[in-house]
Amino acid sequence: MSRLSSEISRSADKVNKFIETVVDLETEPKVLYRAARHIIDAGGKRLRPFLVLKTCKLVGGNEEDALAAASSLEMLHTFTLLHDDIMDQDEKRRGVPSVHTKWGVPIAIVAGDLLFAKVYETITKYTDPKHVKPKRILQVIEEISKATIVLCEGQTRDMLFEDKETVSEEEYFRMIEGKTAALFEISSRCGGLLGGATKSQVKRLGEFGRYAGVAFQVIDDILALTADEKVLKKPVGNDIREGKRTLIVVYALKKASKGQRQKILETLGNQDASAEQIRETISLFESLDAIAYAKKLADKYIRKSKKALSLFPEGPDKEDLLNLADLIFARQN
Ligand code: IPE
Ligand code: IPE
Ligand code: MG
Ligand code: MG
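So, here's what we can say about the structure.

Cut-offs and rules
Residues numbered from 1 in each chain as written. Chains lettered and ligands numbered in written order. Predicted model: local features only at pLDDT ≥ 70, side-chain atom pairs only at ≥ 80, totals over all residues. Heavy atoms only, no water. Near = heavy atom within 4 Å. Polar contact = N/O pair within 3.5 Å; in protein donor to acceptor, adjacent residues only side chain to side chain. Areas by Shrake-Rupley, 256 points an atom, 1.4 Å probe, with all protein chains shown as cover. Helix = DSSP H or I, 4+ residues; strand = E, 2+ residues; numbered from the N terminus. Buried < 20%, exposed > 50% of the residue type's maximum accessible area, 1.4 Å probe, protein only. Lys, Arg positive; Asp, Glu negative; His and termini not counted. Salt bridge = Lys/Arg side-chain N within 4 Å of Asp/Glu carboxyl O. Contact = heavy atoms within 4.5 Å. Core = buried A, V, L, I, M, F, W, Y, C linked by side-chain atoms within 4.5 Å. Donors = N, O, S within 2.8 Å, 3.2 Å for Na, K, Ca; no water. Phe/Tyr/Trp six-rings, centres within 6.5 Å; stacked < 30°, edge-to-face > 60°. Lys NZ or Arg CZ within 6 Å of the ring centre and 35° of its normal.

**With respect to the site of ligand 1**
In the vicinity of ligand 1, the residues found are Gly44, Lys45, Arg48, His77, Leu81, Arg93, Arg94, Thr180, Phe216, Gln217, Asp220 and Lys234. Residue Lys45 places a side-chain N or O atom 2.6 Å away from an oxygen atom belonging to ligand 1. One of the side-chain nitrogen or oxygen atoms of Arg48 is found 2.8 Å away from an oxygen atom of ligand 1. When isolated, ligand 1 has an accessible area of 390 Å², and the protein chains bury 89% of it.

Here you go:
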């Protein structure tokens, strides 16, 4: 195992134990707590809490001071996944049935709400004001509130774009900066804040997280078309059925001939599109170089993200973060 993967799993173990105590399976009504834990217990990469803990250490802080916030960021992420699967009508997540598929939409909504409330409860209850200045704890709360607002805006744009004839690249990037990059950005900023970072360090950490988050979503859009479903552990091809305007789609529609464009639009947003139609559309994207183009832009964002760390001192923590950026580009799930 590489140092990075063992570091990610070490941080995941800590965060998992923490979440198990704050979202206790034995609390009544049990169905609520079981639904809230379902996706958490099914796995996941735990990248956002890793970012919190690593950036805290990078600036010389004590990881333990950021553990409550790291766990909260994973709960916030899970809350968005529960609601996202309802919005996207996806039946699978982390290799198991999504919460609304298992318990129905009303339980999935309230389980998401519970996790969102747990975010704030956990940070305020378990971040020790003897170790972290209350002003910093308040700043973390502010960061989380702001990012969640931007995330809601991004998620709304993502859905509105499904019915929009033409979406520009600029609009696409604004949408993913909201729905995905905002959480990566604040994970890094909050780690810095809790570790005692200076203002300019927090800013640079935020840039690192934001650019890595943009690349993360572009790669996610590629994987949602090209990955092996067993490896990805979520549906492949559904983005097309849902009519998602991913970077690949945006670019393909721009480059397509009139005939090709018509063919793409026939399948895009067609809930009943067959596996064969989906395959043909993906081949068309490939022949228009849309997937290669998306990879190129993801690579550009990864480079920008790594550059944001250039002024931090060399050492194993910085190395881990740089390797994480590379992993985000190379990941298969
Ligand atoms: C999924 O995020 C949602 C996106 C932003 C694309 P992850 O790919 O980090 O999901 P898990 O936590 O590993 O399941
Ligand atoms: C990612 O949404 C962002 C959030 C979940 C808030 P997507 O819909 O693109 O991600 P997946 O593919 O369902 O994980
Ligand atoms: Mg989704
Ligand atoms: Mg979505």
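**Structural notes on the side chain of Arg245**
Inspection of the secondary structure assignment puts Arg245 in the loop between α11 (238-242) and α12 (247-255). Of the side chains with opposite charge, Glu165 lies nearest to the buried Arg245, which makes no salt bridge, at 6.2 Å. Within polar-contact distance, the side chain of Arg245 engages the backbone oxygen of Lys164 at 3.0 Å. Among the polar contacts made by the side chain of Arg245, one reaches the main-chain carbonyl oxygen of Gly243 at a distance of 3.0 Å. Excluding residues within four positions of it along the chain, Arg245 makes contact with Phe161, Glu162, Lys164, Glu165, Val167, Tyr172, Met175, Val250, Leu265 and Leu268.

**Here's the deal with the nonpolar core**
Counting 109 residues, the largest nonpolar core has Phe173, Val218 and Phe285 as its most contacted members. Element by element, the count of residues in this core is highest for helix α9 (residues 199-226), at 13 residues. Ignoring anything within four residues of it in the chain, the contact list for Val218 reads Tyr172, Phe173, Ile176, Leu247, Ala294 and Ala298.

**Some words on the coordination of the magnesium ion (ligand 3)**
Coordination of the magnesium ion (ligand 3) by the protein comes from Asp84 (OD) and Asp88 (OD), over a distance range of 2.1 Å. Taken as a pair, the magnesium ion (ligand 3) and the magnesium ion (ligand 4) show a spacing of 3.1 Å, with Asp84 coordinating each metal. Each member of the pair, Asp84 together with Asp88, is buried.

**Examining the packing of aromatic side chains**
In this structure the tally under the stated criterion is eight aromatic pairs. With a centroid separation of 4.8 Å and an interplanar angle of 40°, the aromatic rings of Phe184 and Phe216 are classed as tilted. Taken together, the residues span a long stretch of sequence, with Phe184 in helix α8 (residues 169-195) and Phe216 in helix α9 at a distance of 32 residues. Looking at Phe184, the relative accessible area reads 1%, which means it is buried. A relative accessible area of 5% places Phe216 in the buried class. An aromatic cluster is present here, built from Tyr172, Phe173, Tyr211 and Tyr301 joined pairwise through their rings. Over the face of the ring belonging to Phe216 we find Arg331, whose NZ or CZ atom lies 3.7 Å from the ring centre.

**What to know about the coordination of the magnesium ion (ligand 4)**
Around a metal, the ideal angle is 109.5 degrees if four donors adopt a tetrahedral arrangement and 90 or 180 degrees if six donors adopt an octahedral arrangement. At this site the magnesium ion (ligand 4) is bound by Asp84 (OD) and Asp88 (OD), with donor distances of 2.1 to 2.2 Å. For Asp84, a relative accessible area of 12% corresponds to the buried category.

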